[in-house]
Amino acid sequence: VQLQASGGGLVQAGASLRLSCAASGRTVSSYGMGWFRQAPGKEREFVAAIDWSGGTTYYADSVKGRFTISRDNAKNTVYLQMNSLKPEDTAVYYCATQTGYSVYRMRSYDYWGQGTQVTVSS
């Protein structure tokens, strides 16, 4: 599976962005999918996840109420709608396929995209 993340950019605080993660090489419709992010000098952290059907979603407390994860299995694509962006959201955002048990742990994810940079200025 190859994952291509896109949609990042430079925005001002309070703005919105929508990230996309397009999968190729194999359908991901039977996998849970997740978004993680990594800020400079920090460890990669969980942001959001969605089950294979799109019926169940999970969020980090820091983004709950501002970010929305969704998927379109027909397009083999997962999205992350980010609203009310804050400077602390600045990071490289990665999408990944979940094959392990815990949606919150990096070890539960195997295939990773290359990341897309999100920069939020104050």
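Above: the structure in question.
Residues numbered from 1 in each chain as written. Predicted model: local features only at pLDDT ≥ 70, side-chain atom pairs only at ≥ 80, totals over all residues. Heavy atoms only, no water.

Enquirer: Please explain the packing of aromatic side chains as it appears in this structure.
Expert: Think of a pair of aromatic rings as described by two things: how far the centres are apart, and how the planes are tilted against each other in angle. The full count for this structure, using the stated rule, is 6 aromatic pairs. Ring geometry for Phe36 against Phe46: centres 5.7 Å apart, planes inclined by 80°, an arrangement best described as edge-to-face. In this pair, Phe36 sits in strand S4 (residues 32–38) while Phe46 sits in strand S5 (residues 45–50), placing the two residues 10 residues apart along the sequence. This pair shows no difference in class: Phe36 is buried, exactly as Phe46 is. Centroid distance Phe46 to Tyr104: 4.9 Å. Interplanar angle 70°. Geometry classified as edge-to-face. Of this pair, Phe46 sits in strand S5 while Tyr104 sits in the loop between strand S9 (91–98) and strand S10 (109–112), and the two are 58 residues apart along the sequence. Since its relative accessible area comes to 10%, Phe46 is described here as buried. Joined through ring pairs, the aromatic side chains of Phe36, Phe46, Tyr58, Tyr104, Tyr109 and Trp112 make up one cluster. Of note, Arg44 hangs over the ring of Tyr94, and the distance from its end group to the ring centre comes to 3.7 Å. (Phe/Tyr/Trp six-rings, centres within 6.5 Å; stacked < 30°, edge-to-face > 60°. Helix = DSSP H or I, 4+ residues; strand = E, 2+ residues; numbered from the N terminus. Buried < 20%, exposed > 50% of the residue type's maximum accessible area, 1.4 Å probe, protein only. Lys NZ or Arg CZ within 6 Å of the ring centre and 35° of its normal.)

Enquirer: What is the right way to look at the pattern of salt bridges in this model?
Expert: Under the definition given, this model contains 4 salt bridges. The residue Arg37 makes a salt bridge to Asp89 at a minimum N-O spacing of 2.9 Å. With Arg37 in strand S4 and Asp89 in the loop between strand S8 (77–82) and S9, this pair connects stretches of sequence that are 52 residues apart. Both residues of the pair, Arg37 and Asp89, count as buried. Two residues, Asp61 and Lys64, come together in a salt bridge whose shortest N-O distance is 3.2 Å. Connected via shared salt-bridge partners are Arg37, Glu45, Arg66 and Asp89. (Salt bridge = Lys/Arg side-chain N within 4 Å of Asp/Glu carboxyl O.)

Enquirer: I'm lost on the nonpolar core in this one. Help?
Expert: Grouped burial of nonpolar side chains is what soluble globular proteins tend to show. Core analysis: the biggest nonpolar cluster contains 35 residues, and Trp35, Val47, Phe67, Ile69, Leu80, Met82 and Tyr93 have the highest contact counts within it. Every element with two or more residues in this core is listed here: strand S1 (2–6), strand S3 (17–24), S4, S5, strand S7 (67–72), S8, S9 and strand S11 (116–121). Here this core gets 5 residues from one element, more than from any other, and that element is S5. When neighbours within four sequence positions are excluded, Leu80 is seen to be in contact with Leu17, Arg18, Leu19, Trp35, Val47, Ala48, Phe67, Thr68, Ile69 and Tyr93. (Core = buried A, V, L, I, M, F, W, Y, C linked by side-chain atoms within 4.5 Å. Contact = heavy atoms within 4.5 Å.)

Enquirer: Explain the side chain of Ser102 here, please?
Expert: Within the secondary structure, Ser102 is located in the loop between S9 and S10. Look past the residues within four positions of Ser102 in its chain and what remains in contact with it is Ser108 and Tyr109.

Enquirer: In this structure, what is going on with the sheet that holds S1? I would like to understand it.
Expert: Strands pair in a sheet through their backbones, by hydrogen bonds, and they do so in one of two ways: parallel or antiparallel. Ordered in space as S1-S3-S8-S7, the 4 strands form an open sheet in which the pairing is antiparallel. Strands at the two margins of the open sheet, each flanked by one partner only, are S1 and S7. The mean angle between the axes of side-by-side strands here comes to 15°, regardless of whether they run parallel or antiparallel. Looking at chain direction, S3 and S8 are connected through 6 bridges and run antiparallel. Its bridge partner lying in S8, Arg18 is registered against Gln81. (Pairing = 2+ DSSP bridges. Axes fitted to C-alpha atoms, helices over the stretch in contact; angles between N-to-C directions.)

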